[in-house]
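These are the residues of each chain, in order.
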Amino acid sequence: MTSVTRTTIPADTVLAGDIGGTNARFRIAPADRPAEAIVERVLAVSAHATFDDALAAFLAAAGGAAPRAAAFAAAGPLLGSTLKLTNAPWTIDAAALARRFGIARVRLANDFEAAAAGIDHLPETSFAVLQRGERRADAPRLVIGAGTGLGVAFAVPMADGWRILGGEGGHVAFAPQGAEEQALHAFLAAAAGRVTAEHVLSGAGLVRLHAFARTRAGMPPEPATGLAHGAASVTERANAGDRAARQAIALFCAIFGAVAGDHALTLMTRGGVFVAGGIAPKLAPALADGRFIAAFRAKGVHAALMDSMPVDLVRDEHIGLTGAAALAAQCPD
């Protein structure tokens, strides 16, 4: 848990939340500087029965009333003024929040819609180039990232800024390429039935890839306590030289590149592809070793087109929180 507090909260501020399956991040920020935290706190989702309870705990710790405008981004489909999280038992109701906390303007968004809104508010140091390409200001962008789940959003340039298109692109079907990925698909389908991209490209997905790599190598199943920390355990083992863990990460990066490339083709995202989420920064060396970009480019007759798209790794894991603050600042009076 991290926090930054001050005794006085200025009037011209916004409230932002980035809610995942594991953690709920909250921030109060200046309306014109969404990346700057006046108060920021990370709460465990499992420690609070409802979203409202978590928000109340944050505001109590912040020591002040909620700002007049707020935006909350979460991993899940937005239906009207409510958002039900995909990977946690919470539902966020904008109207109920406005009534309970006295917030005049409440906006809800998909978590990667917020990530897309945060891109332009990050410093250059927050990005690492995976493929330079030729960036076009008049072309769409793709933001994609793995964490508890797999998030996807597009940003389309308009006369007055960016139109952000969120969705549930992480739940498209996993399309295996080659014999190893076909074997992986069969391995996952035995338990899941329909296999989605998120089944592979997520924290739980990395654990599944490790189990698959062990099975392919003729190793016994992992003991129930062997991966108590999930994806973090896989990366720790890979760093220690575990061959199955290294193979799992190599597969993860290759499949991630292929899926990112498939989504990039959908809207010809020559404005840039931004690889975000909680897992990518931790796998930065593996993502930069060529497997990701090779799979991203491997689109047959469109390989040259893929080569022209800029691809950047987003190092800032709080991009969604910054984007949510930017969306709150845009809430109409």
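Rules used throughout
Residues numbered from 1 in each chain as written. Predicted model: local features only at pLDDT ≥ 70, side-chain atom pairs only at ≥ 80, totals over all residues. Heavy atoms only, no water. Helix = DSSP H or I, 4+ residues; strand = E, 2+ residues; numbered from the N terminus. Rg over C-alpha atoms; globule rule 2.2 N^0.38 Å. Buried < 20%, exposed > 50% of the residue type's maximum accessible area, 1.4 Å probe, protein only. Areas by Shrake-Rupley, 256 points an atom, 1.4 Å probe, with all protein chains shown as cover. Lys, Arg positive; Asp, Glu negative; His and termini not counted. Charge placed at Lys NZ, Arg CZ, Asp CG, Glu CD. Core = buried A, V, L, I, M, F, W, Y, C linked by side-chain atoms within 4.5 Å. Contact = heavy atoms within 4.5 Å. Polar contact = N/O pair within 3.5 Å; in protein donor to acceptor, adjacent residues only side chain to side chain. Pairing = 2+ DSSP bridges. Axes fitted to C-alpha atoms, helices over the stretch in contact; angles between N-to-C directions. Salt bridge = Lys/Arg side-chain N within 4 Å of Asp/Glu carboxyl O. Arc of directions from axis to C-beta.

Chemist: Where do I start with the overall build of the protein in this structure?
Modeler: In terms of helices and strands, the protein carries 12 helices and 15 strands. For 333 residues, the compact-globule estimate of 2.2 N^0.38 gives 20 Å, and the C-alpha radius of gyration of the protein, at 20 Å, lies within 12% of that figure. Referenced to the eigenvectors of the C-alpha coordinate spread, the extents of the protein come out at roughly 60 × 50 × 35 Å. Looking at the protein as a whole, 50% of its 333 residues are labelled buried. Looking at the protein as shown, the accessible area adds up to about 14600 Å², and 54% of this sits on carbon and sulfur atoms. Here the protein carries 29 positive and 29 negative side-chain charges, and the mean point of each set is 3 Å from the other.

Chemist: Help me out: how do you make sense of the nonpolar core in this one?
Modeler: Soluble globular proteins tend to pack their nonpolar side chains together in the buried interior. If you look at the biggest cluster of nonpolar residues, it comprises 47 residues, and the most contacted ones within it are Phe252, Phe256 and Phe292. Ignoring sequence-local partners within four residues, the contact set of Phe292 consists of Leu130, Cys253, Phe256, Gly257, Ala260, Val275, Leu287 and Val311. Core analysis: the second largest hydrophobic core is formed by 29 residues, Ile19, Leu59, Ala70 and Ala88 among them.

Chemist: How should I be thinking about the side chain of Lys299 in this particular structure?
Modeler: Its place among the elements puts Lys299 in the loop between α10 (291–297) and α11 (303–307). One polar contact links the side chain of Lys299 to the main-chain carbonyl oxygen of Ala258, over a distance of 2.9 Å. If we skip the residues at most four places from it in the chain, Lys299 touches Ala258, Gly261, Asp262, Leu265 and Met306.

Chemist: Explain the sheet that holds strand β12 (residues 150–158) here, please?
Modeler: In any sheet, the strands associate via hydrogen bonds between backbone groups, in a parallel or an antiparallel arrangement. One open sheet accounts for six strands, arranged β10-β15-β14-β11-β12-β13; its pairing is mixed. Edge positions in the sheet fall to β10 (127–131) and β13 (161–166), since each has one partner strand and no second. Here the strands of the sheet are splayed against their neighbours by 25 degrees on average, with no regard to which way each runs. In this structure, β10 lies alongside strand β15 (residues 311–314), joined through four bridges in antiparallel fashion. Pairing of Val129 across the sheet is with Asp312, part of β15. Sheet strands in contact with helix α8 (residues 243–267) are β11 (141–146), β12, β13 and β14 (272–276), and its direction is about 150 degrees off that of β11.

Chemist: Is there a simple way to explain the environment of Met268 in this structure?
Modeler: Considering the arrangement of structural elements, one finds Met268 in the loop between α8 and β14. Considering only alpha carbons, one finds Met268 and Leu305, 37 residues apart in sequence, at a separation of 8.6 Å. Setting aside anything within four residues of it in sequence, one finds Met268 in contact with Ala139, Pro140, Leu305 and Met309.

Chemist: Hey, could you run me through the pattern of salt bridges in this one?
Modeler: A side chain of one charge can pair with a side chain of the opposite charge when the charged atoms of the two come close. If you walk through the whole model with that rule in mind, you get 11 salt bridges. A cluster of three or more residues bridged by salt bridges with shared partners is formed by Asp32, Arg33 and Glu36.

Chemist: Looking at this model, I keep getting lost on helix α7 (residues 231–239). Mind explaining?
Modeler: Residues spaced three or four apart along an α-helix face the same direction, because each turn holds 3.6 residues. Restricting attention to buried positions, one finds in α7 the residues Ala231, Ser233, Val234, Thr235 and Ala238. Within two residues after α7, Gly241 carries a phi angle of roughly 100 degrees, on the positive side.

Chemist: How should helix α2 (residues 94–101) be read in this particular structure?
Modeler: Residues Ala94, Leu97 and Phe101 constitute the buried set of α2. The buried side chains of α2 occupy one side of the element, clustering within an arc of 60 degrees when seen end-on. The inward-facing, buried residues of α2 abut α1 (51–62), β5 (69–74), β8 (91–93) and β9 (105–110). With a side-chain oxygen lying 3.1 Å from the backbone nitrogen of Ala95, the N-terminal cap of α2 falls on Asp93. Looking one or two residues beyond α2, the residue adopting positive phi is Gly102, at roughly 70 degrees.

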